[in-house]
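Listed here are the chains, written in short residue letters.
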Amino acid sequence: MAIPPQEMPQQDPKVRAHNMNEVALGYTAEMAKTEASRCLNCPTKPCMQGCPVAINIPGFLQKAAEGDFAGALKIIKETSLLPAVCGRVCPQEKQCQKFCTMGKMLKDVDKAVAIGRVERFCADLDRENSAGKADKASAGPSAPRTGKKVAIIGSGPASITCAADCAKAGHDVTIFEAFHKCGGVLVYGIPEFRLPKAIVRQEIDGLKDLGVKIETNYVVGRTRKLKDLVAKDGFDAVFVGTGAGLPKFMGIEGENLNGVFSANEYLTRANLMKAYLEDQAATPFWHGKKVAVLGGGNVAMDASRMALRLGAEKVYLVYRRSEAEMPARREEVLHAKEEGVEFHMLENAKRVLGDDKGFVNGLECLKYELGEPDASGRRSPVAIAGSEFVLDVDTVIVAVGNASNPLIPATTEGLEVNKRGNIVVDPETNMTSIPGVFAGGDIVLGAATVILAMGEGRKAAAGINAYLSKK
Ligand SMILES: Cc1cc2nc3c(=O)[nH]c(=O)nc-3n(C[C@H](O)[C@H](O)[C@H](O)COP(=O)(O)OP(=O)(O)OC[C@H]3O[C@@H](n4cnc5c(N)ncnc54)[C@H](O)[C@@H]3O)c2cc1C
């Protein structure tokens, strides 16, 4: 307990709010060792219960504390395929670190062992030292060829994991991705300043080294129907990992005015279409000066911080509950505040105001208070009658959630979905209502997290491998 928690070096908030470089700079080897040595190696391993893929956390921390970072990474990779990604974006304070005994003893989850940061260090060190050579050397299908063909639809974390595990089992795997680049939300949603795209690229290169074929600009349901992949193209099994990319809106007056965006569109233009490289990218972009972002999750944090980097002078984050109820990762909330995003808690948009040419020129909001807990377990927001006020804005970004992509269910007869549009799967195998068709990630769970999507991809791959071994 005498060893102080190791702070992660980061870019100065005033500087980073105007550049796209990664905010958190990562530990040095000495810091990673010191932080790992704070682990008490509890016999009950409570941290592992908080990890959706049950990484042997005390095991890898012990190796890291000894300076054996390669050994630590080996342990992490037994259960997690994307440690450089998860170390950066997992909501550790709600998962592994929430249950850490050190954090409990110090009565502060921020003082728990920084498991994610050590994980990130091990993965980054390996990447820097080997430039991917270590992975490449061990790449290539490790099992004998089965002669079976697997189609993977989408290329987010669920699909990357499923593709890797199917390729390693000896199947002939092809990814079909609607966009021109692979990676799903990791490339189109989460910004460069939080997750450098070089990391995602390397994961995709790793798949190619395993023999996975990739077809981009291929929209299953339009370019080809899912069932034709089986009936006409000879695929023996299909995995659907198409995510939750359908933005939800508020349904309020003025939402169709010029200057109102879904966070998905805003971030996709900025990240995937590189609108921030104005001299190089042809992507048209809207340069709001006074921006209101509606929502309190990671998407809202990313959109607000992106707006600052794209030249906004004022960014207001409008959230109808209080900060305690915010679903965003704690680190993103702190970073957004440090960078100058103005938090408007217990407020919500009532209508978007526009000028006579149809452009946004204000946001009418209401103040809220917290009532009784609702179905989500969080205290529900209750509008205060007569509390209307107007925020002076020219841009509104709506980040109030995403629903499942509807195209595949709509174009695939017999594919069962629940009332939210999520594909229904067998919880053991992730097989859908159509034999040989599996699904996982956000399209099954609804908008969730990277690590849960990865866990689903792995479970589905096990289901596919078992199914094909009997076929
Ligand atoms: C802005 C943002 C920030 C986030 N931040 C975090 C975070 O900090 N931490 C965290 O854990 N989670 C975060 N999440 C959630 C996380 O990214 C998702 O839960 C995760 O990416 C889901 O993975 P997936 O593989 O199911 O789908 P996705 O990553 O959504 O990938 C789906 C892919 O399928 C493709 N596709 C869709 N339809 C078709 C089709 N018909 N044919 C072919 N391809 C298709 C899409 O183009 C996409 O590439 C964030 C999400 C967003 C939007």
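Each value, and the rule that gives it
Residues numbered from 1 in each chain as written. Predicted model: local features only at pLDDT ≥ 70, side-chain atom pairs only at ≥ 80, totals over all residues. Heavy atoms only, no water. Helix = DSSP H or I, 4+ residues; strand = E, 2+ residues; numbered from the N terminus. Buried < 20%, exposed > 50% of the residue type's maximum accessible area, 1.4 Å probe, protein only. Contact = heavy atoms within 4.5 Å. Salt bridge = Lys/Arg side-chain N within 4 Å of Asp/Glu carboxyl O. Phe/Tyr/Trp six-rings, centres within 6.5 Å; stacked < 30°, edge-to-face > 60°. Pairing = 2+ DSSP bridges. Axes fitted to C-alpha atoms, helices over the stretch in contact; angles between N-to-C directions. Domains from an automatic or database assignment. Buried area = accessible area lost by both parts, 1.4 Å probe. Core = buried A, V, L, I, M, F, W, Y, C linked by side-chain atoms within 4.5 Å.

Examined against the element boundaries, methionine 431 turns out to sit in the loop between helix H17 (407-411) and strand E16 (437-439). Note on methionine 431: relative accessible area 23%, which makes it partly exposed. Each C-alpha atom, one on methionine 431 and one on alanine 169, is 18 Å from the other, the two residues being 262 residues apart in sequence. In this view, methionine 431 contacts Val424, Val425, Asp426, Gly436, Val437, Phe438 and Tyr467; residues no more than four positions away in its chain are not counted.

In this section: the pattern of salt bridges. Inspection of the entire model under this criterion finds 34 salt bridges. Between glutamate 339 and arginine 309 there is a salt bridge whose closest N-O contact spans 2.8 Å. In this pair, glutamate 339 sits in helix H16 (residues 330-339) while arginine 309 sits in helix H15 (residues 298-309), placing the two residues 30 residues apart along the sequence. The exposure class of glutamate 339 is buried, given its relative accessible area of 8%. Ionic pairing is found between glutamate 332 and arginine 329, a salt bridge with its closest N-O pair at 2.4 Å.

What characterises a pair of aromatic rings is the spacing of the ring centres plus the angle enclosed by the ring planes. This model, assessed by the stated rule, comprises nine aromatic pairs. A ring pair is formed by phenylalanine 179 and tyrosine 188, whose centres lie 5.4 Å apart and whose planes are at 65°; its orientation type is edge-to-face. By relative accessible area, tyrosine 188 is classed as buried at 13%. For the ring pair phenylalanine 438 and tyrosine 467, a centre distance of 5.8 Å and an interplane angle of 70° mean the geometry is edge-to-face. Taken as a pair, phenylalanine 438 in strand E16 and tyrosine 467 in helix H19 (residues 450-470) lie far apart in primary sequence, 29 residues in all. Note on tyrosine 467: relative accessible area 23%, which makes it partly exposed. Here a set of aromatic residues connected by ring pairs shows up, and it is made of Phe261, Tyr266, Phe285, Trp286 and Phe359.

A separate point is the sheet that holds strand E4 (residues 237-240). Pairing in this open sheet of five strands is parallel, and the strands run E3-E2-E1-E4-E16 from one edge to the other. Across the chains shown, the open sheet's two edge strands, defined by having one partner strand only, are strand E3 (213-215) and E16. Sheet twist, expressed as the average angle between the axes of neighbouring strands with direction ignored, equals 20°. By the bridge criterion, four bridges tie strand E1 (residues 149-153) to E4 in an arrangement that is parallel. Counterpart to isoleucine 152 in the pairing with E4 is phenylalanine 239. Where H19 meets the sheet, its contacts fall on E1, E4 and E16, and the angle it forms with E16 comes to roughly 165°.

What follows covers the domain arrangement of the protein chain. Each domain of the protein chain was delimited in the assignment, giving domain 1 (23-136), domain 2 (144-245 + 404-470) and domain 3 (247-401). The centre of domain 1, based on its C-alpha atoms, is set 33 Å off from the matching centre of domain 3. Each side of the interface is counted separately: domain 1 has ten residues, and domain 3 has ten residues. Across the interface of domain 1 and domain 3, roughly 670 Å² is buried in total on both sides, 38% from carbon and sulfur atoms. Of all residues in domain 1, Val23, Glu93 and Lys94 give up the largest surface area on contact with domain 3, accounting jointly for 51% of the area buried on that side. Our count for the contact surface shared by domain 1 and domain 3 stands at two salt bridges.

Moving on, we come to the sheet that holds strand E14 (residues 395-398). Judged by pairing direction, the sheet is parallel, and its five strands sit side by side in the order E6-E14-E7-E8-E9 without closing on themselves. Two strands in the sheet have a free side with no partner beyond their single neighbour: strand E6 (260-262) and strand E9 (342-345). Taking each pair of neighbouring strands and ignoring which way they run, the sheet shows an average axis angle of 20°. Summarising the sheet, strand E7 (residues 290-294) and strand E8 (residues 314-319) pair through five bridges and their orientation is parallel. Along E8, the bridge assignment pairs valine 293 with leucine 317.

Here we come to the nonpolar core. By size, the foremost hydrophobic cluster in this structure holds 72 residues, and its most contacted members are Ile57, Phe60 and Ile464. For this core, the element with the highest residue contribution is H19, accounting for eight residues. Among the nonpolar cores identified, the runner-up in size contains 32 residues, and Val291, Ala303, Val315 and Leu317 belong to it.

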